[in-house]
Each structure stands twice: as C-alpha cells, then as structure tokens.
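Structural characterization, general
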Amino acid sequence: MKIALGCDHGGYELKDGVVNLLAELGHEVVDCGTNSVASVNYPDFAEAVCSQVKGGNCIMGVLICGTGIGMSMAANRHPEIRAALCHEQFSAQMSREHNDANVLCLGARVLGPGLAQEIVRTWLATEFAAGRHLTRIEMFSAMELLNDKK
Ligand code: RB5
C-alpha cells in the first residue's frame, strides 16, 4: 500500500522508526518531510499528506508532531480526510473499524518509539467494519459538503 508520511520538527525523531516499520511491512512510503529538527509549521505538512490521500496517490497517511494535536486539527480541516489522534492501540483499532480513519496522527512527545510503531501496525492491520458506521461517516461528510457551500 502507498502511504504518505509527514511530520514537523516536533515529530521528526519518531519519523525514521515509522518509515522503517512501513518498509518492513511492505508499504511504499511517500515522505512529505520535514527532514530535520529545524522549526517548521505543521499545517504545511498536514496539507502535503492530506493532498496525497485526497488526490488518491496514497491510500492512507501518517502525521507526526509533538503532541499529534496540531496535525489532527489541521488534517481534519481537509474534506475527505478523517484523521485520528491515537495514543494507544485500542483507539487506533477503533478509528479504523468504526471511523474509517484515513490519516493517523501521532504525538512524538507523548509516545515512545515502540508504542508508536505498535499503534501504526494495529491501525494498518484493521479493516473498516462499514454497515452502520458507514451511515455515520456519510452523515458528517454530507454536513461537510453543506458547510462548504454556505
Ligand atoms: C511544535 O513545537 C509543536 O507545537 C507541534 O509539534 C505540535 O505539538 C502542535 O500541535
């Protein structure tokens, strides 16, 4: 699967481990940066990853900042993006099963690298359950469209 990956300076230290895990799992990574600890603005990297996912070039995306909060806020401003901030595996599983999350947000200052990688592993391994959960996603997606037209 092709997966877009982005981080800011706060997430940079976690990125390599996630890149290695994705490669180990056989995924192709589109690395949208950043590539150092020099200060950058996380919305730029959320935009880059969300564009890859919305445009269909990547099936899913992973965003990492210090807490994951800024990335998730920025990502969820993009239509068609359902970004989930997860600090443990149960939320990661449910964000796929019930919410069909297509972007996973991680906080590098919250998580250790081992837990972050287990969260990514779980998130990618879990399928969307659809059914009543699809109805609910369609409900908020329709609201998103209506709000865009206002
Ligand atoms: C950067 O210092 C930090 O604010 C950012 O990585 C993130 O945690 C924002 O939500």
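Look a little higher up for the structure.
Residues numbered from 1 in each chain as written. Predicted model: local features only at pLDDT ≥ 70, side-chain atom pairs only at ≥ 80, totals over all residues. Heavy atoms only, no water.

On to the overall build of the protein chain, then. Of the regular secondary structure elements, the protein chain holds 6 helices and 5 strands. Against the 2.2 N^0.38 benchmark of 15 Å for 150 residues, the protein chain shows a C-alpha radius of gyration of 14 Å, consistent with a compact globule. On the principal axes, the C-alpha backbone points of the protein chain span a range of 40 × 30 × 25 Å. Out of the 150 residues in the protein chain, the part that is buried amounts to 46%. A separation threshold of at least 6 residues defines the contact pool for the protein chain, and within that pool the share at least 24 residues apart is 70%. Surface exposure of the protein chain reaches about 7500 Å², of which carbon and sulfur atoms provide 53%. The protein chain carries 12 positive and 17 negative side-chain charges, and their two centres are separated by 7 Å. (Helix = DSSP H or I, 4+ residues; strand = E, 2+ residues; numbered from the N terminus. Rg over C-alpha atoms; globule rule 2.2 N^0.38 Å. Buried < 20%, exposed > 50% of the residue type's maximum accessible area, 1.4 Å probe, protein only. Contact = heavy atoms within 4.5 Å. Areas by Shrake-Rupley, 256 points an atom, 1.4 Å probe, with all protein chains shown as cover. Lys, Arg positive; Asp, Glu negative; His and termini not counted. Charge placed at Lys NZ, Arg CZ, Asp CG, Glu CD.)

As for its position among the elements, Asn-102 is in the loop between helix H4 (89-97) and strand S5 (103-107). What makes Asn-102 buried here is its relative accessible area of 9%. Polar contacts involving the side chain of Asn-102 include one to the main-chain carbonyl oxygen of Glu-80, which spans 2.9 Å. Engagement of the side chain of Asn-102 in a polar contact is seen with the backbone nitrogen of Arg-82, the distance being 2.7 Å. Setting aside residues no more than four positions away along its own chain, Asn-102 makes contact with Val-53, Ile-59, Met-60, Gly-61, Glu-80, Ile-81, Arg-82 and Trp-123. (Polar contact = N/O pair within 3.5 Å; in protein donor to acceptor, adjacent residues only side chain to side chain.)

Here we take up the site of the ligand. Taken together, Asp-8, His-9, Tyr-42, Cys-65, Gly-66, Thr-67, Gly-70 and Arg-109 make up the full set of residues adjacent to the ligand. Between the ligand and Gly-66 there is a distance of 2.8 Å, counted from an oxygen atom to a backbone nitrogen or oxygen. Between the ligand and Gly-70 there is a distance of 2.8 Å, counted from an oxygen atom to a backbone nitrogen or oxygen. Considering the ligand on its own, with 300 Å² of exposed area, one finds that the protein chains cover 72% of that surface. In terms of residue class, the shell around the ligand is made up of 2 nonpolar, 4 polar and 2 charged. (Near = heavy atom within 4 Å. Nonpolar A, V, L, I, M, F, W, Y, C, P; charged D, E, K, R; others polar.)

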